[in-house]
Amino acid sequence: AFAYLKKGNFEYATDLFNKSLSINNKNLIAIKNLAYLYSVTRKSDKAIQLLTTGIETDSSDMDLLTSRAQLYYSNNNFKAALDDYLALLSSGDSSEINLERAGICWIKTRDRNLSEAIKYLLLAYRKDTSDYRTCSYLGFCYYNLNDTNDIVNDMNSSIYYYNKAIEILTPVNNQLGLIYRYRAASEKINGMYKAAINSYLLALAVESDPDIYMEIANIYDEK
């Protein structure tokens, strides 16, 4: 089954792993691989059901819990994902992604708890200060706390983390604008004038450089 999985024959690999489980339904290797196959073939419910069976077999296997948490999260089942991420954190796996997603889940659940979200997002931020998503969510949380007793500090915190997100993203956007311009130049030389104009317009959306207007004008003028 694993050989067929590696070859990309997911259908036959799935069939063989299921046969393996019919012989030994506690085979965690088969459970993990079959859950992976179900997840990549967009059968998330089957994958979650199988991972749950595996967790019931061995609750100490954190790989199973991690996989289920990711599936719950990607399927917007934030309450179930939160339970799994909190369990992972309790087990000692305080990785940045687990902390960040626990914080996001606190925001996204029906009974939104922004104070709890901030607690986990701050821990995630301390582990990775270059993650713009963590900064953006922290800005959102402080903005929406609605603590009238400390609104000035909350807004200052919101502004601080939004500024951090902007600082992180600005170099990326600048580089993106430059890449659009390079692509436009290549398209122009290749005679792809409409595509070149579109690339220059995409660059303009990132950076308002007057030279880009001149490049577009020259294409219209010459071609």
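Here is a short report on the structure shown in this document. (Residues numbered from 1 in each chain as written. Predicted model: local features only at pLDDT ≥ 70, side-chain atom pairs only at ≥ 80, totals over all residues. Heavy atoms only, no water.)

### Topic: helix 9 (residues 132–144)
In a regular helix each residue adds 1.5 Å, so 13 residues correspond to 18 Å; helix 9 covers 18 Å between its end C-alpha atoms and thus fits that length. All of the buried residues along helix 9 are Thr 134, Cys 135, Leu 138, Gly 139, Cys 141 and Tyr 142. The buried residues of helix 9 occupy one face: seen down the axis, they fall within an arc of 165 degrees. In this structure, the buried side of helix 9 is in contact with helix 7 (96–108), helix 8 (114–127) and helix 10 (151–189). Measuring from the side-chain oxygen of the N-cap residue of helix 9 to the backbone nitrogen of Arg 133 gives 2.9 Å; that N-cap residue is Asp 131. Directly after helix 9, the chain includes Asn 146, whose backbone phi takes a positive value near 60 degrees. (Helix = DSSP H or I, 4+ residues; strand = E, 2+ residues; numbered from the N terminus. Expected span 1.5 Å × (residues − 1). Buried < 20%, exposed > 50% of the residue type's maximum accessible area, 1.4 Å probe, protein only. Arc of directions from axis to C-beta. Contact = heavy atoms within 4.5 Å. Polar contact = N/O pair within 3.5 Å; in protein donor to acceptor, adjacent residues only side chain to side chain.)

### Focus on the layout of surface pockets
Roughly 190 Å³ of volume is contained in the largest pocket. Residue lining of the largest pocket: Lys 32, Ala 35, Tyr 36, Ser 39, Leu 51, Asp 63, Leu 64, Ser 67, Gln 70 and Leu 71, and that is the complete set. Mapped by element, the contributors of at least two residues to the lining of the largest pocket are helix 3 (28–40) and helix 5 (62–74). Here the element with the most residues in the lining of the largest pocket is helix 5; it accounts for five residues. (1 Å grid on protein atoms, 1.4 Å probe; cavity = no way out; pocket = protein on both sides within 12 Å on 5 of 7 lines; lining within 4 Å. Points joined across faces, edges and corners; volume = space filled by probe spheres on them.)

### Describing the nonpolar core
If you look at the biggest cluster of nonpolar residues, it comprises 49 residues, and the most contacted ones within it are Leu 34, Leu 50, Tyr 73, Tyr 85, Cys 105, Leu 138 and Cys 141. Top element by residues in this core is helix 8. It accounts for eight residues. Residues contacting Cys 141, with those up to four places away along its chain left out, are Ile 107, Leu 114, Ala 117, Ile 118 and Leu 121. Counting residues in hydrophobic clusters, the runner-up holds 10 residues, among them Ala 196, Ile 197, Leu 204 and Ile 219. (Core = buried A, V, L, I, M, F, W, Y, C linked by side-chain atoms within 4.5 Å.)

### Topic: the pattern of salt bridges
Applying the stated criterion across every chain yields a total of 11 salt bridges. One salt bridge connects Lys 32 with Asp 61, and the closest N-O pair in it is separated by 2.9 Å. Within this pair, whereas Lys 32 is found in helix 3, its partner Asp 61 is found in the loop between helix 4 (44–57) and helix 5, the two being separated by 29 residues in sequence. Assessed through its relative accessible area of 30%, Lys 32 is described here as partly exposed. Judged by relative accessible area, which is 12%, Asp 61 ranks as buried. Of the charged contacts in the structure, one is a salt bridge between Arg 183 and Glu 187, with a shortest N-O distance of 3.5 Å. Note that Arg 183 and Glu 187 are positioned in helix 10 at a spacing of four residues, about one turn of the helix. What you see here is one network of salt bridges that share partners, running through Lys 32, Asp 61 and Asp 63. (Salt bridge = Lys/Arg side-chain N within 4 Å of Asp/Glu carboxyl O.)

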